[in-house]
Amino acid sequence: KHHPRALQYVTLPVLTMDASGEFATTTQCDSPVFVGTYAPPTPAMLTDALSDMDSAYADASGRSVSEPTSAFYEVLGGNIGGHTFTAGVYRWSSAVAITSDIYIKGGGGDL
């Protein structure tokens, strides 16, 4: 979990700060929790992550999906809980329901 703002915006119940001050842990998350007001290099790391996310979104929105025959179109009719997603651009024409965990699988250049 990454949050670019101050700690008061994080709604997890109990956070335990790591001795480094760079991240916290909680039983609610499997990975460390990073907040923009934590010790360096966390703020810069979160700024980079947000920039990367914006770039990835812009890249994905410019790609096309071969409708309706693509394996990435209308996956599971929008009920995607429990599904493992591989690299690709996914598209739905209606609402998507995530009723259980979803998984993302790929290499460093895919995610």
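Q: Run through the overall build of the chain, naming residues and quoting values.
A: Looking only at helices and strands, the chain features one helix and six strands. Looking at the chain residue by residue over its 111 residues, the buried ones come to 19%. For the chain, long-range pairs separated by at least 24 residues make up 22% of all intrachain contacts whose partners lie at least 6 apart in sequence. Per element, the accessible surface of the chain, about 7,800 Å² overall, is 54% carbon and sulfur.

Q: Explain unusual backbone geometry to me, using residue names and the numbers behind them.
A: The residue after Pro40, namely Pro41, is reached through a cis peptide bond having omega 15°. By the element assignment, Pro41 lies in the loop between strand 4 (34-35) and helix 1 (42-61). Residues other than glycine seldom take positive phi values, yet Glu74 does so here, at roughly 60°. Along the chain, Glu74 falls in the loop between helix 1 and strand 5 (84-85). The exposure class assigned to Glu74 is partly exposed, which follows from its relative accessible area of 22%.

Q: How would you sum up the environment of Phe23? Please name residues and give values.
A: Examined against the element boundaries, Phe23 turns out to sit in the loop between strand 2 (16-17) and strand 3 (24-25). Setting aside its immediate chain neighbours within four residues, Phe23 contacts Thr16, Met17, Asp18, Pro32, Val33, Phe34 and Tyr38.

Q: Any details on the confidence of the model for the chain? Residues and values, ideally.
A: Looking at the chain as a whole, the pLDDT averages 83, with 86% of positions reaching at least 70. For the chain, the element scoring lowest by mean pLDDT is strand 1 (residues 2-3), at 51; strand 2 scores highest, at 92.

Q: Let's hear about the packing of aromatic side chains: which residues, and what values?
A: How two aromatic rings sit relative to each other is set out by the distance from centre to centre and by the angle between their planes. Here the structure, examined in full by the defined rule, presents five aromatic pairs. Between Phe23 and Phe34, the ring centres sit 6.0 Å apart and the planes meet at 55°, which makes this aromatic pair tilted. Of this pair, Phe23 sits in the loop between strand 2 and strand 3 while Phe34 is found in strand 4, placing the two residues eleven residues apart along the sequence. For the ring pair Phe85 and Trp92, a centre distance of 6.4 Å and an interplane angle of 75° mean the geometry is edge-to-face.

Calculation notes
- Residues numbered from 1 in each chain as written.
- Predicted model: local features only at pLDDT ≥ 70, side-chain atom pairs only at ≥ 80, totals over all residues.
- Heavy atoms only, no water.
- Helix = DSSP H or I, 4+ residues; strand = E, 2+ residues; numbered from the N terminus.
- Buried < 20%, exposed > 50% of the residue type's maximum accessible area, 1.4 Å probe, protein only.
- Contact = heavy atoms within 4.5 Å.
- Areas by Shrake-Rupley, 256 points an atom, 1.4 Å probe, with all protein chains shown as cover.
- pLDDT = per-residue confidence, 0-100.
- Phe/Tyr/Trp six-rings, centres within 6.5 Å; stacked < 30°, edge-to-face > 60°.

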